[in-house]
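# Residue-level structural notes
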Amino acid sequence: MPDVQHPAEGHVVAALVLDGDQAPAPALVWDERYGWRTAASRRPPITRRAVLLPEGDGGRYLADGTTPPPGDVVATLTP
């Protein structure tokens, strides 16, 4: 199950922690305003400032829009 939170202003954010040595990122985060992105850490992938994309390595948006086709997200993660 994804970890779902409402960190600020009633916005919904959810995170999926990815297991395994071959995972393309430690976690994936979905924000209802911006869509899917990677997270640099498994703990915690959703921070108090989850409404903003974390700066630095490990955070990148994966597809356009908030509800892209799943295949677009997977294709972006696949090397």
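Residues numbered from 1 in each chain as written. Predicted model: local features only at pLDDT ≥ 70, side-chain atom pairs only at ≥ 80, totals over all residues. Heavy atoms only, no water.

### Details of the overall build of the chain
Each helix and strand in the chain was counted, giving one helix and four strands. Along the chain, helices (α) and strands (β) appear in the sequence β-β-β-β-α when read from the amino end. Sorting the 79 residues of the chain into buried and exposed places 29% on the buried side. When contacts within the chain are restricted to residue pairs at least 6 apart in sequence, long-range pairs at least 24 apart make up 30% of them. (Helix = DSSP H or I, 4+ residues; strand = E, 2+ residues; numbered from the N terminus. Buried < 20%, exposed > 50% of the residue type's maximum accessible area, 1.4 Å probe, protein only. Contact = heavy atoms within 4.5 Å.)

### Some details on the pairing of strand E3 (residues 27-31)
Across the five residues that make up E3, a large majority, four, are buried. The pairing of strand E2 (residues 13-17) with E3 spans five bridges and is antiparallel. Bridging across to E3, Leu 16 finds its partner in Leu 28. As defined by bridge partners, E3 adjoins strand E4 (residues 35-39) across five bridges and the pair is classed as antiparallel. Across the sheet, the residue bridging to Ala 27 is Ala 39, located in E4. (Pairing = 2+ DSSP bridges.)

### A word on the packing of aromatic side chains
Evaluation of the coordinates by the stated rule reveals one aromatic pair. For the ring pair Tyr 34 and Tyr 61, a centre distance of 6.2 Å and an interplane angle of 65° mean the geometry is edge-to-face. One end of the pair, Tyr 34, is in the loop between E3 and E4; the other, Tyr 61, is in the loop between E4 and helix H1 (70-77), with 27 residues separating them in the sequence. The exposure class assigned to Tyr 34 is partly exposed, which follows from its relative accessible area of 39%. Relative accessible area serves as the criterion here: at 32%, Tyr 61 is assigned to the partly exposed category. (Phe/Tyr/Trp six-rings, centres within 6.5 Å; stacked < 30°, edge-to-face > 60°.)

### Some thoughts on the nonpolar core
Ranked by size, the top nonpolar core spans six residues in total: Leu 18, Leu 28, Leu 62, Ala 63, Val 73 and Leu 77. Sequence-distant contacts of Leu 62, that is, excluding residues within four places in its chain, are made with Leu 28, Trp 36, Arg 37, Thr 38, Val 73, Thr 76 and Leu 77. (Core = buried A, V, L, I, M, F, W, Y, C linked by side-chain atoms within 4.5 Å.)

### What about the environment of Ala 14?
Structurally, Ala 14 can be placed in strand E2. Distance from Ala 14 to Glu 32, taken between C-alpha atoms, is 8.7 Å for residues 18 residues apart in sequence.

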